[in-house]
Amino acid sequence: MANDLFGGLMKGLSGFMPQDDPDVKLMSAQSDLSDLQQQETAIYADIGRQSLAQFKGRFPELESRLQLVQTNIAESQAQLEAVQAEKKQKEQAEQRTEQQCVCPQCGYRNLEGVKFCQECGVKLGVFNCPKCGAVLVPGTRFCGECGAKQEV
Ligand SMILES: [Zn+2]
Ligand SMILES: [Zn+2]
């Protein structure tokens, strides 16, 4: 996919640059080579998967290395998901603080923790969409996240 994009970009560029320029030729040769090498690697991987499916247990050392790597991949994915969840939680907390402080009526940025707008006196605070949990400000009629109608 990315290679097609790069290839297209190269073709687009080569329209503006002289074809016999060594830099252009070098880039194009390098791109061709890495493209072919990636195809080769992908074919080897396919052969590997098919052989493994057919001759399970024939490559004990490689298979145990593969298992180890796959275990590590699973752990790594779990860690990535945990970090993503943490990041989202942090962003939501920041968003919540921001929405708690900024008055939905007049836009005044109040001090953290105040219950009424220090500028216009409107009640401040946020609530969660009962359907999807998105953080909403009082007076919201439809959830911006899932579209659920809110009890105003
Ligand atoms: Zn206000
Ligand atoms: Zn919602």
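Residues numbered from 1 in each chain as written. Chains lettered and ligands numbered in written order. Predicted model: local features only at pLDDT ≥ 70, side-chain atom pairs only at ≥ 80, totals over all residues.

**Focus on the overall build of the protein**
Item 1. In terms of regular secondary structure, the protein is built from three helices and two strands.
Item 2. In sequence order, the protein lays out its α and β elements as α-α-α-β-β.
Item 3. Counting across all 152 residues of the protein, residues that qualify as buried make up 3%.
Item 4. Nonlocal contacts in the protein, meaning residues at least 24 apart in sequence, comprise 19% of its contacts between residues at least 6 apart. (Helix = DSSP H or I, 4+ residues; strand = E, 2+ residues; numbered from the N terminus. Buried ≥ 20, exposed ≤ 12 C-beta atoms within 10 Å, placed from the backbone. Contact = placed C-beta atoms within 7 Å.)

**Things to note about the environment of C129**
Item 1. Residue placement: C129 occurs in the loop between β1 (127-128) and β2 (135-136).
Item 2. Overall, the presence of 18 C-beta atoms within 10 Å leaves C129 in the partly exposed class.
Item 3. With 20 residues separating them along the chain, C129 and K149 place their C-alpha atoms 9.1 Å apart.
Item 4. In this structure C129 touches A134, L136, C143, E145, C146 and A148, once residues within four positions along its chain are discounted.

**Considering helix α2 (residues 22-54)**
Item 1. Between its first and last C-alpha, α2 extends 48 Å over 33 residues, near the 48 Å set by a 1.5 Å rise per residue.
Item 2. Buried residues are scarce in α2, accounting for zero of its 33 residues. (Expected span 1.5 Å × (residues − 1).)

**Considerations on helix α3 (residues 60-101)**
Item 1. With 42 residues, α3 should cover 62 Å at 1.5 Å per step; its first-to-last C-alpha distance of 61 Å lies within 8% of that length.
Item 2. Counting buried positions over the 42 residues of α3 gives zero, only a small fraction of the element.

**Digging into the confidence of the model for the protein**
Item 1. Summing up the model confidence of the protein, the mean pLDDT is 87 and the portion of residues at 70 or higher is 88%.
Item 2. Least confident of the elements in the protein is helix α1 (residues 2-14), whose mean pLDDT is 60; most confident is α2, at 95. (pLDDT = per-residue confidence, 0-100.)

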